[in-house]
2 protein chains.
Amino acid sequence: MADTTKFLLSEEAIPTHWVNLLPDLPGDPLPPLNSQTMQPAGPPDLTPIFPLELIGQEVSAEPEIEIPQQVREVYKLWRPTPLFRARRLERALDTPAHIYYKYEGVSPAGSHKPNTAVPQAFANAQAGIRKLTTETGAGQWGSSLAFACSLFDLECEVFMVGSSHDQKPYRRSMMQTWGATVHRSPSEQTQSGRANASHPTGSLGIAISEAVEVAAQDPESNYALGSVLNHVLLHQTVIGQETITQMEMAADQPDVVIGCVGGGSNFAGLTFPWLRRKLQADGAGPRFVAVEPAACPTLTQGVYAYDFGDTVGLTPLMAMYTLGHDFVPPPVHAGGLRYHGDAPMVCALLKAGLLEARAYRQNETFAAALQFARHEGIIPAPEPAHAIRAAIEEAKQAGEVRVILFGLCGHGHFDLAAYDAYLAGTLQDPEFSQADSDAALAALPQGAPSLA
Amino acid sequence: MADTTKFLLSEEAIPTHWVNLLPDLPGDPLPPLNSQTMQPAGPPDLTPIFPLELIGQEVSAEPEIEIPQQVREVYKLWRPTPLFRARRLERALDTPAHIYYKYEGVSPAGSHKPNTAVPQAFANAQAGIRKLTTETGAGQWGSSLAFACSLFDLECEVFMVGSSHDQKPYRRSMMQTWGATVHRSPSEQTQSGRANASHPTGSLGIAISEAVEVAAQDPESNYALGSVLNHVLLHQTVIGQETITQMEMAADQPDVVIGCVGGGSNFAGLTFPWLRRKLQADGAGPRFVAVEPAACPTLTQGVYAYDFGDTVGLTPLMAMYTLGHDFVPPPVHAGGLRYHGDAPMVCALLKAGLLEARAYRQNETFAAALQFARHEGIIPAPEPAHAIRAAIEEAKQAGEVRVILFGLCGHGHFDLAAYDAYLAGTLQDPEFSQADSDAALAALPQGAPSLA
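Residues numbered from 1 in each chain as written. Chains lettered and ligands numbered in written order. Predicted model: local features only at pLDDT ≥ 70, side-chain atom pairs only at ≥ 80, totals over all residues. Heavy atoms only, no water.

A word on the overall build of chain A
Right, on to step 1. The secondary structure content of chain A amounts to 19 helices and 15 strands.
Right, on to step 2. On C-alpha atoms alone, chain A measures out to a radius of gyration of 20 Å, which is about the 22 Å that the 2.2 N^0.38 rule sets for 452 residues.
Right, on to step 3. With respect to the principal axes defined by its C-alpha atoms, chain A has extents near 60 × 50 × 50 Å.
Right, on to step 4. Among the 452 residues that make up chain A, the fraction classed as buried is 65%.
Right, on to step 5. In chain A, of all internal contacts separated by at least 6 residues, the share reaching a separation of at least 24 is 75%.
Right, on to step 6. A total of about 15200 Å² of accessible surface is found on chain A, and carbon and sulfur atoms cover 50% of it.
Right, on to step 7. Charged side chains in chain A number 29 positive and 48 negative. The centres of these two groups are separated by 7 Å. (Helix = DSSP H or I, 4+ residues; strand = E, 2+ residues; numbered from the N terminus. Rg over C-alpha atoms; globule rule 2.2 N^0.38 Å. Buried < 20%, exposed > 50% of the residue type's maximum accessible area, 1.4 Å probe, protein only. Contact = heavy atoms within 4.5 Å. Areas by Shrake-Rupley, 256 points an atom, 1.4 Å probe, with all protein chains shown as cover. Lys, Arg positive; Asp, Glu negative; His and termini not counted. Charge placed at Lys NZ, Arg CZ, Asp CG, Glu CD.)

In structure tokens, the structure reads:
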């Protein structure tokens, strides 16, 4: 039994603080801008839909923020999550590399999303809020917020993108099991929905508008977002902090840390604590690789500019790599990675040369997922399959021992239709449309400072 | 952080031996009988479809059997599994009881079934077998065997009951992801299937016949069974052994241990190690409660008699509580509990008064599952929801501190259609048909010794 497969921590090892990387960012800060005034967006831009506690976390200059005791109590339901050494995969690859993965699929909702859903629900409950609204695409975020709300006696109202609502009925069932109300978006509940009633599939943009509209109109309701924003990335840093302890248990140190990137919260959660250590060690530390779908190559092909975070244009402008806020990514199964932009903090780090970015096609990603499942057992969600692909490539390139750590941010129990298509040889492999992105980039908001 | 929620063990705590309760059974042994000769069935009855190693385990008189090192290595992918204290559920129930649950849903296939799939695949691989065949209903067993075969480079051929194949396509996808070949049963692959080609939904009985037929005809193929037999129950005893250590960590001792019963392997796995301790302590120890669906009340309403283990009548006769081997249980969602008989070892213990048995209706079971999910997070499979119902009842009856331990043997990620129906108020609540069982009992095999 000498060859340890998984590294477990007891509940006492749940981090006591979140790591706030905002003060570590190199260069001048690039705050979000009010899209009307082009002035930095402040708390008044956000109080209609977020509680003060989360707004404070969004703009905090403190290097660490304490995790409330009540949140840590809930984290105990699944945290600390296990770190695995992929010994069977290593043998199959016949590689000298050591491959480790941090598995977030053990949470009740099956991904890393509850790490932020819980503190968001808690902060809103503390502020006297009665209901949270949100949008969801594939359903990972909506189900995580439904779970979190059930624990703090909050109502939860989810606007689910119409096409997902039709294709993934069991993610909807999951939300309802935890007590949430789920609307197919566009819905009859909101002006935004009724104005788009003829839209056949709906979109994340419409669903966001609906959720924000409901929250903004009701003083007892707030809105919750599952990625992109600073406070969301902050909450996810429990992941990386635990891996630092677990890699010490394994007596190994990573040469490269890999995560998939959609909005950026999974990637940030895993890497930011490692990145702070590297910055404090004058650059001695692992490389960081952000992996995205070739069909939606925000980091590898996007433009660094101020753009809206949503499709409709309701949010403040954010400094980020973008394909244009009305770029509609092809329907790859990694729904969580279909985002035109990326978290401003992740983008600033890439711009500063502190991260690498890489893109893979859908079919090569599923080939890696299948190889992983047949050796390690866990069937990965399509999103972290991108990280698996990168980890396998790093291992194949390793002429000598190279220590690879990647984030396995969720299981694929609700994504098996995609595996079906892959096994049948009918999985689409959509290409990125530079022309579509160019058209969307032509509609970037005017008057914002250039970041070129 | 004083209130521990989950009790984790490191890999070193994976048991080194399985607990064989066969020598502990009270009274005269009741061996399986060859249905032709009515003489005890011996190894020659079994060698066409099982390897000698497993046949040896099936009849062993040794109190413990060592777990092969290679099996323990695979167990590390998910074992030891966590023991949780259900603190949120306790508060919601306002009970002085302490409620603990052992969660087997962390395995790659999502239930306790891999605990036996892995040693079965290993023993067959060691014996030079190239392929394993099996049947599956809801898919938990088939997916577990597919997973295990992928690790030992065995082919896996699964005959999946037609109605499940049509209704649960994602369980099929899961098996294929692990490399198994899945046939809708009745299939064109076998004589048994072709003879039943007109059967619209198929049945477990037909699927067993198909799997056994393929295995018996090919010397390089064997058959694998997921419950009922002694060696299957044996493999599951890792569950109970771990809970003994974990309850010591919790500084609590159970007053009652509860598990759901279909074929009996989950229940046996949890309870047999505790039961041995109780027998060795002259009866000082917890009560044991076996819970089954009221629609298929084998233990609570069945007759203790020699009967076939399968519907078609291919197996040796087994001494068990039975509703008659051709009794077809109503289509409750707890597919894993729809079995006309029960493991002979579990039945012998019930007959001897060492266990209690209890049955619940489908709707009251789902009410308990929903209450559990909304407080503890995990969405349970319909089978262990029966154990949850019993645990909640035990807690409500507890006037003073009562320590309750139950087995949460799997998650419900592939059962959300049933939750949908429950939430919509359209879940059927089928009753047991005594008349159907009486008719089936009239067809009990003639000439076997009476057990009355």
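Notes on the interface of chain A and chain B
Right, on to step 1. Each partner contributes to the interface: chain A provides 49 residues, whereas chain B provides 49 residues.
Right, on to step 2. The junction of chain A with chain B conceals about 4400 Å² of combined surface from both sides, 56% of it contributed by carbon and sulfur atoms.
Right, on to step 3. Summed over the shared surface of chain A and chain B, the number is 4 salt bridges.
Right, on to step 4. A salt bridge links A:Glu11 to B:Lys6; its shortest N-O distance comes to 3.7 Å.
Right, on to step 5. Linking chain A with chain B are 23 residue pairs in polar contact (both at pLDDT 80 or more), by the criterion used here. (Buried area = accessible area lost by both parts, 1.4 Å probe. Salt bridge = Lys/Arg side-chain N within 4 Å of Asp/Glu carboxyl O. Polar contact = N/O pair within 3.5 Å; in protein donor to acceptor, adjacent residues only side chain to side chain.)

Things to note about the side chain of B:Thr95
Residue and element names in this part refer to chain B.
Right, on to step 1. Note that Thr95 resides in the loop between helix H4 (87-93) and strand E5 (98-103).
Right, on to step 2. The buried category is assigned to Thr95, whose relative accessible area is 14%.
Right, on to step 3. Within the structure, the side chain of Thr95 is placed 3.0 Å from the backbone oxygen of Ala395, a separation counted as a polar contact.
Right, on to step 4. When sequence neighbours within four positions are dropped, the list of residues in contact with Thr95 reads Glu90, Ala395 and Ala398.

Examining the relation of the copies chain A and chain B
Each copy of the chain is related to the other by a rotation around an axis and a translation along that axis.
Right, on to step 1. Once turned by 180° and shifted 0.0 Å along the axis, chain A lies on chain B with an RMSD of 0.0 Å. Here the two chains are linked by the operation of a two-fold rotation axis. (Least-squares fit on C-alpha atoms with pLDDT ≥ 70 in both.)

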